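Chain by chain, the residues run as shown.
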Amino acid sequence: MIPFLDIKSVNNRFRKELHAALDRVLDSGWFVLGKEVEAFEKEFAGYCQVQYCMGVGNGLEALHLVLQAWGVGPGDEVIVPSNTFIATWLAVSQVGATPVAVEPDPATYNIDPLQIEAAITPRTKAIIPVHLYGQPADMDAVMSIAKKHGLKVLEDAAQAHGARYRGKRVGGLGHAAAFSFYPGKNLGALGDGGAITTDDVQLADKIKSLRNYGSAVKYQHDEKGFNSRLDELQAAFLRVKLAVLDEDNASRRTIASAYLKGLKDCSLILPQVPSWAEPVWHLFVVRSPKRDQLRERLLGLGMETLLHYPMPPHAQPAYGLSKSYPVAEELSREVLSLPLTPHMPEENINKVISACQMIGK
Ligand SMILES: *Cc1c(COP(=O)(O)O)cnc(C)c1O
């Protein structure tokens, strides 16, 4: 069986270093907000080319805490893509605001900047572009609309650690960015984790307080905060894996190139990469109107695929909106994510290509 993502093989490459990281934390006797988190925050801020990084509990919390820090709340609206993982929407709902969906550009699957202005109202406070599947959204276009209307921009970079937009890393393109270190992400911990990056010192201080019970000085609470910290152990593991993130992303790029080349003559719709984008291929997503049959037959040949995502947020019972978002709905019926593990054997890449060619004729 060719797994969709062979996460054991990803982590096994660093078994010795991960054990050493565990020993280091055990020996320190310090497990929350200590040296490892501080070091990781510095290293990840440097990696993302920003001033500040704050480790938090997970990606959803990263999104939520930024909106909270900006004072987004009940009665406010936040613009989100219609096709994203539901966490992007949930963060907006968590502060009591309303997610307002904008459809993606069907060529790139990222939020269509040309449709954003029509969704802006006097209540709009922020825009959350998502760098979906590891490909950066068109941030210059988003930022200029935001500037014109006085809106904040929060990048949802949960799928795009290391991706570049016009040569610049994601994480420093908006006013703030949210990352997830869920085990299956490009930079994955051995459990939950997340981070916020920004160049705004006031936001950085506010996040440090909000993640820690609203406190900057122990037992003095300036606001009603939360408990949402990246823990020392996960930070120590992430430091091991951050050191090889670029190498892993390069391997993802090689695999994606092989897929793009090998599948160019079959009937599948392939991902398109704008000239200004350097994606990190969190997922390699193809489209077909016969998606379900294709998936079934690949499984029969021993190849596991997944759907990102089978139902858009607005149609989920959690939201149950009656309004239709046809592009997101069509994507949810047609998308298929092919197996992609950094350093997967070339033989497996070729098997997937041959199977898709055979079925997709
Ligand atoms: C994974 C993901 C999140 C949520 O991150 P968690 O750490 O799982 O909470 C948010 N947005 C997108 C686009 C994601 O892929």
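See the structure above.
Not measured: the values here are computed from a predicted model. (Residues numbered from 1 in each chain as written. Predicted model: local features only at pLDDT ≥ 70, side-chain atom pairs only at ≥ 80, totals over all residues. Heavy atoms only, no water.)

Asks: Go over the sheet that holds strand β6 (residues 164–165), please, and point to the residues and values.
Replies: What links the strands of a sheet is backbone hydrogen bonding, and the strands pair in either a parallel or an antiparallel sense. Pairing within the open sheet is antiparallel, and its three strands lie in the order β7-β6-β12. The sheet terminates laterally at β7 (168–169) and β12 (277–278), the two strands that pair on one side only. Looking at chain direction, β6 and β7 are connected through two bridges and run antiparallel. Directly across from Arg 164, in β7, lies its bridge partner Arg 169. (Pairing = 2+ DSSP bridges. Helix = DSSP H or I, 4+ residues; strand = E, 2+ residues; numbered from the N terminus.)

Asks: Pulling in residues and values, what's your account of the pairing of strand β14 (residues 335–338)?
Replies: Burial along β14 is two-sided: Val 335 and Ser 337 facing one way and Leu 336 and Leu 338 facing the other are all buried. Pairing analysis gives four bridges linking strand β13 (residues 284–287) to β14, with the strands arranged antiparallel. Paired with Arg 287 across the two strands is Val 335, which belongs to β14. (Buried < 20%, exposed > 50% of the residue type's maximum accessible area, 1.4 Å probe, protein only.)

Asks: Can you tell me about the environment of Tyr 309, naming the residues and giving the values?
Replies: Along the chain, Tyr 309 turns up in the loop between α10 (291–300) and α11 (326–334). When the C-alpha atoms of Tyr 309 and Thr 121 are compared, they prove to be 28 Å apart, with 188 residues separating the residues in sequence. Contacts of Tyr 309, omitting those with residues within four sequence positions, involve Thr 84, Phe 85, Gln 159, Ser 332 and Val 335. Of the polar contacts made by the side chain of Tyr 309, one reaches the side chain of Gln 159; its length is 2.9 Å. (Contact = heavy atoms within 4.5 Å. Polar contact = N/O pair within 3.5 Å; in protein donor to acceptor, adjacent residues only side chain to side chain.)

Asks: Quick one: what's the story with the pairing of strand β4 (residues 124–127), residue by residue and with numbers?
Replies: Every other side chain in a regular strand lies on the same face of the sheet, so the side chains alternate between the two faces. Bridging between strand β2 (residues 77–81) and β4 involves three bridges; their strand directions are parallel. Within β4, the residue paired with Val 78 across the bridge is Ala 126. Both β4 and strand β5 (residues 152–156) contribute to a ladder of two bridges, which runs parallel. Residue pairing across strands places Ile 127 opposite Val 153, the latter belonging to β5. The parallel pair β4 and β5 is bridged by helix α6 (residues 139–149), and the resulting crossover is right-handed. (Right-handed = clockwise from strand over helix to strand, strands pointing away.)

Asks: Tell me about the packing of helix α4 (residues 59–69) against helix α5 (residues 87–94), and name the residues and values.
Replies: Interaxial distance between α4 and α5 falls to 8 Å at its minimum, and their mutual angle equals 40°. When you trace α4 past α5, the crossing you get is right-handed. For the pair α4 and α5, contact is made by Leu 60, Glu 61, Leu 63, His 64 and Leu 67 and by Ala 87, Thr 88, Leu 90, Ala 91, Val 92 and Gln 94, respectively. Across the contact of α4 with α5, the residue classes break down as seven nonpolar, three polar and one charged. (Axes fitted to C-alpha atoms, helices over the stretch in contact; angles between N-to-C directions. Left-handed = near helix turned anticlockwise from the far one by under 90°. Nonpolar A, V, L, I, M, F, W, Y, C, P; charged D, E, K, R; others polar.)

Asks: Just give me the short version of the site of the ligand, but keep the residues and values in it.
Replies: Within the structure, the ligand sits among 13 residues, and Gly 59, Asp 156, Gln 159, Ser 180 and Lys 185 are positioned closest to it. Gly 59 places a polar main-chain atom, nitrogen or oxygen, 2.7 Å from an oxygen atom of the ligand. Isolated, the ligand exposes 380 Å² of accessible area, and the fraction of that covered by the protein chains is 91%. (Near = heavy atom within 4 Å. Areas by Shrake-Rupley, 256 points an atom, 1.4 Å probe, with all protein chains shown as cover.)

Asks: Explain the side chain of Asn 83 to me, and be specific about the residues and the numbers.
Replies: Note that Asn 83 resides in the loop between β2 and α5. Residue Asn 83 is classed as buried on the basis of its relative accessible area, which comes to 10%. Polar contacts involving the side chain of Asn 83 include one to the main-chain carbonyl oxygen of Tyr 109, which spans 2.9 Å. When residues no more than four places from it in sequence are discounted, the contact partners of Asn 83 are Pro 104, Tyr 109, Leu 132, Ala 328 and Leu 331.

Asks: Run through the layout of surface pockets, naming residues and quoting values.
Replies: Where empty space is left can be seen by rolling a probe of water-molecule size over the atoms. Of the voids in this model, the largest pocket is the one considered here, and its volume is about 530 Å³. In this structure, the largest pocket is lined by 30 residues; those nearest its centre are Phe 85, Ser 180, Tyr 182, Lys 185 and Tyr 309. The set of elements that each furnish at least two residues to the lining of the largest pocket consists of α4, α5 and β8 (176–180). Residues of the lining of the largest pocket, tallied by class, amount to 16 nonpolar, 10 polar and four charged. The computed volume of the second largest pocket comes to approximately 360 Å³. If you go around the second largest pocket, you meet 16 residues; those closest to its centre are Leu 33, Asn 212, Ser 215, Lys 218 and Arg 229. Counting residues per element, the ones that place at least two in the lining of the second largest pocket are α7 (201–210) and β10 (215–217). Grouping the constituent residues of the lining of the second largest pocket by class yields seven nonpolar, four polar and five charged. (1 Å grid on protein atoms, 1.4 Å probe; cavity = no way out; pocket = protein on both sides within 12 Å on 5 of 7 lines; lining within 4 Å. Points joined across faces, edges and corners; volume = space filled by probe spheres on them.)

Asks: Which residues make up the nonpolar core, and what values do they have?
Replies: It is characteristic of soluble globular proteins that their nonpolar side chains tend to be buried jointly. Ranked by size, the top nonpolar core spans 43 residues in total, and within it Phe 40, Phe 44, Ile 79, Ile 116, Phe 179, Phe 181 and Leu 187 carry the most contacts. The element that contributes the greatest number of residues to this core is helix α3 (residues 35–48), accounting for six residues. Residues within four places of Ile 79 in sequence aside, it is in contact with Val 100, Val 102, Ile 111, Ile 116, Ala 119, Ile 120, Thr 124, Ala 126, Ile 127 and Ile 128. Counting 32 residues, the second largest nonpolar core, distinct from the first, contains Val 80, Ala 101, Leu 154 and Tyr 319. (Core = buried A, V, L, I, M, F, W, Y, C linked by side-chain atoms within 4.5 Å.)

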